[in-house]
Amino acid sequence: MPALPLVVITGPTASGKTRRAVDVARALDAEIISADSRQVYTGMDLGTGKDLDEYGGVPYHLIDIAPAGYKYNLYEFLRDFDCAENRVRSAGRIPVLCGGTGLYVESVLQGIHLPQVPADYALRSVLEEKTLEELTEILASMKRLHNSTDVDSPKRAIRAIEIECYYRDHPEAARAAAPSPRTDAVVVGIDIPRDERRRRISERLRTRFSQGMTAEVERLIAEGVSPDDLIYYGLEYKYITLFVTGRISRSEMERGLETAIHQFAKRQMTWFRGMERRGHSINWLPYDLPAERFVEEVTALVNAYAQH
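Rules used in this analysis
- Residues numbered from 1 in each chain as written.
- Predicted model: local features only at pLDDT ≥ 70, side-chain atom pairs only at ≥ 80, totals over all residues.
- Heavy atoms only, no water.
- Buried < 20%, exposed > 50% of the residue type's maximum accessible area, 1.4 Å probe, protein only.
- Helix = DSSP H or I, 4+ residues; strand = E, 2+ residues; numbered from the N terminus.
- Pairing = 2+ DSSP bridges.
- Contact = heavy atoms within 4.5 Å.
- 1 Å grid on protein atoms, 1.4 Å probe; cavity = no way out; pocket = protein on both sides within 12 Å on 5 of 7 lines; lining within 4 Å.
- Points joined across faces, edges and corners; volume = space filled by probe spheres on them.
- Nonpolar A, V, L, I, M, F, W, Y, C, P; charged D, E, K, R; others polar.

1. What about the pairing of strand S5 (residues 185-191)?
Step number 1: In terms of burial, S5 is a largely internal element, 5 of the 7 residues being buried.
Step number 2: Note: strand S1 (residues 6-10) against S5, 5 bridges, orientation parallel. Opposite Leu6, over in S5, you have Ala185 as the bridge partner.
Step number 3: Direction of pairing for S5 relative to strand S6 (residues 283-286): parallel, over a ladder of 4 bridges.

2. A look at the side chain of Ser107
Step number 1: Considering the arrangement of structural elements, one finds Ser107 in helix H3 (residues 102-109).
Step number 2: For Ser107, a relative accessible area of 4% translates into the label buried.
Step number 3: Those residues in contact with Ser107, other than ones at most four positions away along the chain, are Leu74, Leu78 and Ile112.

3. Considering the layout of surface pockets
Step number 1: Volume-wise, the second largest pocket comes out at about 230 Å³.
Step number 2: Lining the second largest pocket are 14 residues; nearest its centre among them are Arg182, Thr183, Ala185, Val187 and Ser281.
Step number 3: Contributing elements (two or more residues each) for the lining of the second largest pocket: S5 and helix H13 (291-306).
Step number 4: By residue number, the principal contributor to the lining of the second largest pocket is S5, which donates 3 residues.
Step number 5: Its residues assigned to classes, the lining of the second largest pocket comprises 7 nonpolar, 5 polar and 2 charged.

4. Considering the sheet that holds strand S3 (residues 60-61)
Step number 1: In space, the 6 strands of this open sheet follow the order S3-S2-S4-S1-S5-S6, with parallel pairing throughout. Lying at the two open borders of the sheet, with one neighbouring strand each, are S3 and S6.
Step number 2: Strand direction decides the pairing type here: strand S2 (residues 30-34) and strand S4 (residues 94-98), joined by 5 bridges, are parallel. If you follow Ala30 over to S4, its bridge partner there is Ile94.

This is the structure:
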């Protein structure tokens, strides 16, 4: 009997991924593993679009696993994903990876496993004297910068350099970290036209404001989460924090945030197209496919995998 596949449901923000993943999970007796870089944080609910009421009893993983203010990273995600997938498979169920963080989704599909790298305090003491620009240049000379998260702060840039130096000095660790692309994944993308995506983003944003998204940010700050940490998370948390701390007006916040989310969705689609160019097959299904038909399509893909 063939092993159960990993089902991946991805797509841009506001495309309805969660609802689709829940429908599929119910039909396949599966459990959902989140691939959303911000839904890991507790108390950050409306701004990250957790929509936990949509799960309706379907088990989910990697949501609400880190405190707000923390900076969760790719190493932690891959470690936690492996644990979650093993738990799901041990229960005899199919894991459904659902989310729009392209880096997380592609790293899983690439079969990347990042070994734990110890701190090098001597190296850190030297690097701490350098500017972020200098650190970025050093890191760029050591590896190709696929995303900006490694260099969004001096601390993260130093850590990234530290890791690359460790790999250089420990080739066995570098070999262990080398990608080993998965062949057991059934990847489904939610195909939504640009205009409909934009309409949904704008409508959802209005709904979340009416549900208290601004109050959510105010509560997080009152609970001790640093405004700078919230700004770091970007999008809703960046713009609303700038507003509630008096740095921009409400109209600037609303206009800027809506524009930023539209730009974010565009970047997501750019990432997904890049994934396809890098050899990852994505089965795109229309966003407005009836729920029953969507489940049938995904089930057919899973059955086709099982027959190979």
